[in-house]
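Examining the three-dimensional arrangement
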Amino acid sequence: MEKEPLLPGLYIVATPIGNLGDITLRAIDILTRCDAIACEDSRVTAKLLRHLGLRQPLWRYDDHSSEADRERLIAAMRDKPVALVSDAGTPLISDPGYRLVRAARAAQIPITSLPGPSAAIVALTLSGLPTDRFLFAGFLPVKDKARRDVLDDLARVPATLVFYETAPRLGKALDVIAAALPGREVAVARELTKTFEECRTGSPHELGDHYRAHPPKGEIVLMIAPPASCEETPDADRLLLEAMEYEKPSQAAAQVARRTGLDRKQLYARAMELKPR
Ligand code: SAM
C-alpha cells in the first residue's frame, strides 16, 4: 500500500554511532519518504543510504555553511520534506544543525525530531556513574590552559560531567583531570556499539597509566563523577589541615574546593571546626 506523502518541513534524524542495526524504524521511514537529506559529509551518509537501499539527493550542510545556504534550505522546506542527519548519532549534539533549527523556527517551518542514538547517553548509561543529573559539555578545549580553565569552572557542578574526546588527546585530558580533580572517579567509554566496545572506570591516575600502556583507538566519551560531599571524602580534613598551615580558613577552603570539587561553603564550615583554637 502506498504511504501518505510526508508533510513539508524539517525532520531531524538520529543515525547509528557504529552499529547500523541501531537505525530506528521511524528513521528509515522518514529517510525513505523525504525529498532530500541535508548532511555533513555526503560520503558518510551515502554509505548509510546504500545500506538502506535508498538514493535520496544529498545536500551538504555543516558548520561552514553560510547564511545563504541556510536560507536556500529553509526555502526548500516550505514545500518539501527535508531530513537533517549528521555523520553519526544525533544531529546538533556536538554536530551541525543548531543554527538551521533556529532559522527554521523563526521561519515557522514545522520541525520534527526523531530520537535515536547519541554517544553521550550510551556512555552515561554504561558508566555506573550517577545519572540523575549530568552535564554534557561537548569537547574539552585542545590547549592545556583552556582545558584546565573549563575543568576548574565545572569542578563544583553537582552532576556527572560528560565530554566527547578523541583517542590522541585522551592521555592529556586525563593528566589535566588528575591535576584539577584528583579525587574524582572517571569513566572512559570507547568504541560504543562496535565490536571493541569498552567502558573502564578508575581514578584519573589509574586510567592515565592504563592508556599510556595501552594507547586507545577509536571514539571516546570521557565522564567525571560528581563532587562528593565533605563527609564522604576522607581526604578533605587532611587537605584542609595541610592548607591551613599556610592559609586562612577561607583561602584553605577555596584551595581544597578547587582540588576536590567539594563545595567551598561546606569546606569553610569544616575548616572552622578543625581550626586549632
Ligand atoms: N552527534 C554525535 C552523538 O550524538 O553522539 C556526536 C558527534 S561528535 C562530532 C563525535 C564524538 O562523539 C566523538 O569524537 C566521540 O567523542 C563521540 N562518539 C561518537 N561515536 C562514538 C562511539 N561509537 N563510541 C564512543 N564515542 C563516540
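One can find the structure itself at the top, above this paragraph.
Residues numbered from 1 in each chain as written. Predicted model: local features only at pLDDT ≥ 70, side-chain atom pairs only at ≥ 80, totals over all residues. Heavy atoms only, no water.

Within the secondary structure, Tyr246 is located in the loop between helix H9 (235–244) and helix H10 (249–260). For Tyr246, a relative accessible area of 72% translates into the label exposed. (Helix = DSSP H or I, 4+ residues; strand = E, 2+ residues; numbered from the N terminus. Buried < 20%, exposed > 50% of the residue type's maximum accessible area, 1.4 Å probe, protein only.)

Within the element layout of this structure, Arg190 appears in strand E8 (residues 186–190). The contact partners of Arg190, leaving out residues within four places of it in the chain, are Phe196, Glu197, Glu198, Tyr211, Pro216, Lys217, Glu219 and Ile220. (Contact = heavy atoms within 4.5 Å.)

Before going further, it helps to spend a moment on helix H5 (residues 119–127). Listed as buried for H5 are Ala119, Ala120, Ala123, Leu124 and Ser127. Seen end-on, H5 carries its buried residues on one side only, within an arc spanning 125°. Summarising the contacts, the buried residues of H5 are in contact with strand E6 (134–139), strand E7 (160–166), E8, strand E9 (198–202) and strand E10 (219–224). The positive-phi residue at the C-terminal boundary of H5 is Gly128, with phi of around 80°. (Arc of directions from axis to C-beta.)

Right, let's get into the sheet that holds E9. Neighbouring strands of a sheet are bound in pairs by backbone hydrogen bonds; such pairs are parallel or else antiparallel. Here five strands make up an open sheet; going across it, the order is E6-E7-E10-E8-E9 and the pairing mixed. Edge positions in the sheet fall to E6 and E9, since each of these pairs with one other strand and no more. Averaged over all adjacent pairs, the angle separating strand axes in this sheet is 20°, with direction ignored. Its contacts with the sheet put helix H7 (residues 167–180) on E6, E7, E8 and E10, and the angle it makes with E7 is roughly 145°. (Pairing = 2+ DSSP bridges. Axes fitted to C-alpha atoms, helices over the stretch in contact; angles between N-to-C directions.)

The next subject is the packing of helix H6 (residues 144–154) against H7. Remark: H6 packs on H7, axes separated minimally by 10 Å, with the N-to-C direction vectors making an angle of 50°. Taken together, H6 and H7 sit at an angle that is classed as oblique. In this structure, the crossing between H6 and H7 has a hand that is right-handed. Of the residues in H7, those in contact with Asp144, Arg147, Arg148, Leu151 and Asp152 of H6 are Arg169, Lys172, Ala173, Val176, Ile177, Ala179 and Ala180. The residue inventory of the contact of H6 with H7, partitioned by class, reads six nonpolar, no polar and six charged. (Parallel < 35°, antiparallel > 145°, perpendicular 65-115°, else oblique. Left-handed = near helix turned anticlockwise from the far one by under 90°. Nonpolar A, V, L, I, M, F, W, Y, C, P; charged D, E, K, R; others polar.)

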